[in-house]
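Each chain, letter by letter, is given below.
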Amino acid sequence: MGDGVMYEDYEYRQCVRKYATCDILKHYAKESIDIYNNTENNVKFEEVPIYNKRTGMKTTIHQFHIAQWDLLEICFNSIKYSNDYRNKEIDKNAHYSLINLTKIRSEILEKAAGLSQENLFKHLLCIANMEFDLEKITMQNRFNRIYHIMTNINKNPKYNQTDKVCYIDFSKKFYEITGFDYDTYVKGYFIICALVIGFKEPDILSIIERFNFDISVFGITKEQLMKILTLQSRDYEFYKKYDNWNILKYFPIVKTKKDSKFIISNLSALLICFSESMYWTIRNYYCELGSRNFTAYFGHCFEFYLNELFETYDIKAEKLEEDDVEKRPDWKLETKKYVFYIEQKAALYPMETRSIISNKRLDTLNNYINSNIKRAFTQLNSYEEKIDKTIIRICLTFETIYFPETLQELVVPKVDLKGEEYLNWIISINEFEKLIYILSIDEEKFNNIIDKKTELEKNKSKDGRGFDSLLEKEKNDFISNKINYFDNYLKKYLKKNNEDA
């Protein structure tokens, strides 16, 4: 890192140190609530007049683009470089100045100028997955999918529950780790989210302490609510061990040094954590043990989930059994016009790839690509049948991967292909659920969508080729009508609240 960069970083740290961390957390948490409540995509645009300090005259107007990740980064940097014992007020000028300086610092530290074209593509993937996670809140989809896998499929005896698949009783394990049954935990987390949104106040402890309504009608006590906060929160020392602000996205409830407050540092991060709380609680437990049992079993659960999706819509897909001699994809789906080979990948993007300043981001992304995406396409192209239909090979991801065509261009040309390059696709489970529903009710419409996708891929369209845009206006029937646990909880709480009002 050059002297200029070191100087810029030193100046930035000095600026952050002027303000108490507890005040920074509360201030920008309130900004995150405002952005969440008043914008569509979790991004706010503001025009701020700039004045000459000497004359007091307005000189220009600065356009500010304020996003949730900017606010998280400021909060994280304050935890890293400041403390709770500062007296300077965060006024309007300080508010905009910290946002602006944080953006400038990030641009300097990301060091994108000298990257090769391939690494620049990877850098852009890191940006997309860092930003869109917070920009497009899909809490309901995430919650329903994970809840269904970890409570319904996990308990269904028709799916393998033996050591062969490293079976884990998720509800039992969650109780062992947290002391909560998952439904009670969900109720508590649901109430915490509702309180922050409703009161527009990130100091959750102060809300609970002055909250007179008897929450026991929801099947949870204030004591249990406090235990959940204690369980989910982390102190400053925990965050200081990391160099990536994304850790705040995974653990957004911060326990301050001064007065031991619990601050919800970012509302969007809290909602993401709510939807994935059981997944990460158990995954982290096994990770700390150095065990891969959770990731291995969750991968099988993803296969069981897909089986349930096919059965729900009466789609005749064939599960291809593993063969010691010949590598095979997980599934074969044949329609009147197409044959789809499908290889599932349940692994999530590692945290280090959700950063634009981490030195490890490209190495971590390379490892993820090679061990998941490239391996999937290698498996898909190791299998071939003589079929007089168009064969399309699909890497189906549990995680939503933004700009999948960019990742395809990085991986597919490096694989020994059996068919045309443009017939190898990455699809996320969210888009795949929509496709299966469309196939079940209107195969002609399904074919038109696949035809359009094929044409875009063949011509390498620069205007976007992902199913996210092709299916943007299509509803996800499976999530909204078949496994909508989120709305069921919501209706139950609202009904109970109205009955007791």
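A few points on the structure. (Residues numbered from 1 in each chain as written. Predicted model: local features only at pLDDT ≥ 70, side-chain atom pairs only at ≥ 80, totals over all residues. Heavy atoms only, no water.)

Below, the discussion takes up the sheet that holds strand S9 (residues 390-397). Across the sheet, five strands lie side by side as S6-S7-S8-S9-S10; this open sheet has mixed pairing. Edge positions in the open sheet fall to strand S6 (317-319) and strand S10 (424-428), since each of these has one partner strand only. On average, each strand axis in the sheet is inclined to that of its neighbour by 25°, with strand direction left out of account. For S9 and S10, the ladder comprises five bridges, and the chain directions are parallel. (Pairing = 2+ DSSP bridges. Helix = DSSP H or I, 4+ residues; strand = E, 2+ residues; numbered from the N terminus. Axes fitted to C-alpha atoms, helices over the stretch in contact; angles between N-to-C directions.)

Overall, mixed pairing links the three strands, which are arranged S3-S4-S5 in an open sheet. Strands at the two margins of the open sheet, each flanked by one partner only, are strand S3 (234-235) and strand S5 (262-264). Pairing geometry for S3 and strand S4 (residues 253-255), over two bridges, is parallel. Bridged to Arg234 within S4 is Val254.

Locating Leu306 in the fold gives a position in helix H14 (residues 293-312). With a relative accessible area of 0%, Leu306 lands in the buried category. Sequence-wise, Leu306 and Ile429 are 123 residues apart; in three dimensions their C-alpha atoms are separated by 8.8 Å. Beyond its immediate stretch of four places on either side in the chain, Leu306 contacts Trp331, Ile342, Gln344, Leu396, Ile429 and Phe432. (Buried < 20%, exposed > 50% of the residue type's maximum accessible area, 1.4 Å probe, protein only. Contact = heavy atoms within 4.5 Å.)

In this structure the tally under the stated criterion is 36 aromatic pairs. Their ring planes at 85° and their centres at 5.3 Å tell us that Phe298 and Phe398 sit as a pair that is edge-to-face. Note that Phe298 is positioned in helix H14 and Phe398 in the loop between S9 and helix H16 (404-411), a separation of 100 residues in sequence. Residue Phe398 is classed as buried on the basis of its relative accessible area, which comes to 10%. Relative to Tyr383, the ring of Tyr341 lies with its centre 5.2 Å away and its plane at 70°, an arrangement referred to as edge-to-face. (Phe/Tyr/Trp six-rings, centres within 6.5 Å; stacked < 30°, edge-to-face > 60°.)

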